[in-house]
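This is what each chain is made of:
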Amino acid sequence: MLLNLIASRWTPSASGESTPVFNPSRGIEIARCPLGSRADVEVAVAAARAAFPDWANTPAGERARVLFRFKALLELHIDEIALLICREHGKTLVEAQGDLRRGIDVVDLACGIPSLSMGQKLGQVARNIDGEAERFPVGVCAGITPYNFPAMIPLWMMPMAIACGNSFVFKPSPKVPLTAARLVELFVEAGLPPGVLNLVHGGVETVQAILDHPDVAAVSFVGSTAVARDVYRRGTANGKRVQAAGGAKNFMVVMPDADMDLAAEAILSSSFGCSGQRCMAGSVVVVAGRAAEPITERLRKLTTGMSVGATDEGAPVGMGPMIDQGAVARVRQYLLQGGEMLVDGRLAPNPPEGFFIGPSIVAGVGAESVLLREEVFGPVLTLMREEDLDAAIALANGSQYGNGAVIYTRSGGAARNFARSVNCGMIGVNIGVPAPMALFPFSGWNESFFGDLHVQGNEGVQFYTRTKVTLTRWT
Ligand code: NAD
């Protein structure tokens, strides 16, 4: 049974409930994760609250030194952590390394906290009066994360919140708790005082206890849209600041003038990377005009040639398993929705054990198909044909979501029109995934995000701090 980390000590959960953690490549249980109770949240928040005043008062440069040491430890253990991700999530080794690498980028950013959190001053803002604005940490922050990026998403939150002088309670996904525990262990080893970072394993009840706790000032959440919406409503109703990122439906438009080889490779990795379990996964490819034939043939060929296999030992396969049997069943359900199966992942030579389903391409679905509206979150690519760019943009803008959209073209005008017209927060031009980059906010819109300040970049610093303005008169 996994343990919580409270005030730098590994502590058993007070809850009697737990859930299995699987190695999805083999379909076998490798650990049990406690489903934390309100009592677990209580002790974690109490530890964080006790640690907050001293940490908040620690000079930013001293806090940054802990971040530098954390970064060094992550670099030192990158192979070990990547293999852990392969083992409990099922990513390929390259995907797992990328997961951690993107997270380390955020630690890099947080190392710059002394300059990132500098305030502003205007002498003589009024007659004989000087004005200054200074950033202060908000208090106890909490992070609630999904299963699909076991390292990157916790690292969107913890390093920046803690660098800003907050203390933190982290509730990872119970499907991938091993990576979470290792990250927290290394962060504490880097020199965090006890209670600045606490880990509570759990599920729904744990999240609700965090959202209801009066001593939690801010909550960062990433997960599915239905839960993100509820978390946002409950957290803000309880007076907290909340940033809650949700699901997605990402459209990729291929114009007739595109570099078809580049587009096909990029679409393949976008749609089937991490077995389609990415909030930025390309889900619908829209081929405009006469782009249809060249891109369809390339995609069919590349997809059929993908190898699917176990990733727990870091084997170099094209695509690994899905997270659990429920995820495979959900994808199978979507494949029953009609349309022409250009590639049928159910027929792929999938390994006999583990949670596998091969990559699929479905074409010719109707405008009302759930494949155009709902997030599949699996290796299913839907292919649509439209007359021209305007029609493709209209299709993309029919989505309730707003995470990302991509265009493949050689025309600057088409790319510009697309980037300005598509109703979502992350745009890609001739790339697979407009991935979250630490220096910029990860900007989901519409039903993909609830709140105003996103994770990462300057918005991350703003979310985890509040401004105090002081006006001073000396005569
Ligand atoms: P999920 O919503 O099931 O779970 C996310 C977190 O919420 C977990 O920690 C889980 O324990 C908790 N949780 C689950 N149900 C809850 C409930 N009813 N009440 C309170 N808490 C609850 O998401 P998941 O299946 O782990 O992850 C996949 C989803 O996350 C996809 O929809 C994906 O698009 C989304 N996602 C979004 C982003 C983004 O940045 N927008 C990034 C990664 C993943």
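Residues numbered from 1 in each chain as written. Predicted model: local features only at pLDDT ≥ 70, side-chain atom pairs only at ≥ 80, totals over all residues. Heavy atoms only, no water.

**Q** Please clarify how the pattern of salt bridges should be interpreted in this entry.
**A** A side chain of one charge can pair with a side chain of the opposite charge when the charged atoms of the two come close. Inspection of the entire model under this criterion finds 17 salt bridges. Linked by salt bridges that have partners in common, K71, E75, R101 and D108 make up one network. (Salt bridge = Lys/Arg side-chain N within 4 Å of Asp/Glu carboxyl O.)

**Q** Looking at this structure, I do not really get the site of the ligand. What am I missing?
**A** The environment of the ligand is made up of 25 residues, and the closest members are T145, K171, S224, G246 and E375. One of the backbone N or O atoms of T145 is found 2.7 Å from an oxygen atom in the ligand. Note that an oxygen atom of the ligand is positioned 3.2 Å from one of the backbone N or O atoms of G223. Coverage of the ligand by the protein amounts to 84% of the 840 Å² it exposes when considered alone. When contributions to the shell around the ligand are tallied by element, the ones reaching two or more residues are α6 (152-163), α8 (204-212) and β10 (216-222). Looking at the shell around the ligand, its residues break down into 15 nonpolar, 8 polar and 2 charged. Two domains each put at least three residues into the shell around the ligand: domain 1 (4-247 + 444-473) and domain 2 (250-400 + 404-429). (Near = heavy atom within 4 Å. Polar contact = N/O pair within 3.5 Å; in protein donor to acceptor, adjacent residues only side chain to side chain. Areas by Shrake-Rupley, 256 points an atom, 1.4 Å probe, with all protein chains shown as cover. Helix = DSSP H or I, 4+ residues; strand = E, 2+ residues; numbered from the N terminus. Nonpolar A, V, L, I, M, F, W, Y, C, P; charged D, E, K, R; others polar. Domains from an automatic or database assignment.)

**Q** Would you mind showing me how to read the domain arrangement of the chain here?
**A** For the chain, the domain assignment lists domain 1 (4-247 + 444-473) and domain 2 (250-400 + 404-429). Here the C-alpha centre of domain 2 lies 31 Å away from the C-alpha centre of domain 1. Between domain 1 and domain 2, the residue contacts involve 25 residues of the former and 28 residues of the latter. The junction of domain 1 with domain 2 conceals about 2,300 Å² of combined surface from both sides, 55% of it contributed by carbon and sulfur atoms. For domain 1, the biggest contributors to the area lost against domain 2 are S25, R26 and Y147; these three give 23% of the whole. Connecting domain 1 to domain 2 are 3 salt bridges. D324 is paired through a salt bridge with K175; the nearest N and O atoms lie 3.5 Å apart. Linking domain 1 to domain 2 there are 14 residue pairs in polar contact (both at pLDDT 80 or more). Contributing elements (two or more residues each) for the side of domain 1 that touches domain 2: β3 (18-23), α3 (78-89) and α4 (93-111). Per element, the largest residue contribution to the side of domain 1 that touches domain 2 is 5 residues, and it comes from α3. (Contact = heavy atoms within 4.5 Å. Buried area = accessible area lost by both parts, 1.4 Å probe.)

**Q** How do you make sense of the state of the cysteines when you look at a structure like this?
**A** In protein chemistry, a disulfide is the covalent bond that joins the sulfur atoms of two cysteines. Throughout the structure, instances matching the rule amount to 0 disulfides. You can see C33 has no disulfide; the closest cysteine sulfur is in C86, sitting 20 Å from it. Left unpaired, C274 is separated from the closest cysteine sulfur, that of C86, by 10 Å. (Disulfide = S-S within 2.5 Å.)

**Q** Quick question: what am I supposed to make of α8 here?
**A** Structurally, the α-helix is built with 3.6 residues per turn, so residues lying three or four positions apart point the same way. Buried within α8 we find T206, V207, A209, I210 and L211. In this structure, the buried residues of α8 make contact with α1 (38-57), β7 (140-144), β8 (167-171), β10 and α9 (225-237). (Buried < 20%, exposed > 50% of the residue type's maximum accessible area, 1.4 Å probe, protein only.)

**Q** Quick question: what am I supposed to make of the sheet that holds strand β14 (residues 340-343) here?
**A** Whenever strands of a sheet pair, they do so through backbone hydrogen bonds, lying parallel or antiparallel. Ordered by their spatial adjacency, 7 strands build an open sheet running β14-β15-β16-β13-β12-β17-β18, and the pairing between neighbours is mixed. Each having just a single partner strand, β14 and β18 (426-429) make up the two edges of the open sheet. Neighbour-to-neighbour, the strand axes of this sheet turn through a mean angle of 25°, independent of strand direction. With 4 bridges joining them, strand β15 (residues 360-363) and strand β16 (residues 380-386) adopt parallel strand pairing. Residue I361 lies in a different strand from β16, and its bridge partner there is L381. (Pairing = 2+ DSSP bridges. Axes fitted to C-alpha atoms, helices over the stretch in contact; angles between N-to-C directions.)

**Q** I keep staring at the packing of aromatic side chains and nothing clicks. Help me out?
**A** To describe a pair of aromatic rings, you give the distance between the ring centres and the angle between the ring planes. Counted by the stated rule, this structure contains 5 aromatic pairs. Measuring from centroid to centroid gives 4.0 Å for F70 and F187, while their planes differ by 0°, and the two rings are stacked. Here the residue F70 occupies a position in helix α2 (residues 60-76), and F187 occupies one in helix α7 (residues 177-189), the gap between them amounting to 117 residues. This pair shows no difference in class: F70 is buried, exactly as F187 is. Aromatic pair Y147 and F377: ring centres 6.0 Å apart, planes at 80°, arrangement edge-to-face. Of this pair, Y147 sits in the loop between β7 and α6 while F377 sits in the loop between α13 (370-373) and β16, and the two are 230 residues apart along the sequence. (Phe/Tyr/Trp six-rings, centres within 6.5 Å; stacked < 30°, edge-to-face > 60°.)

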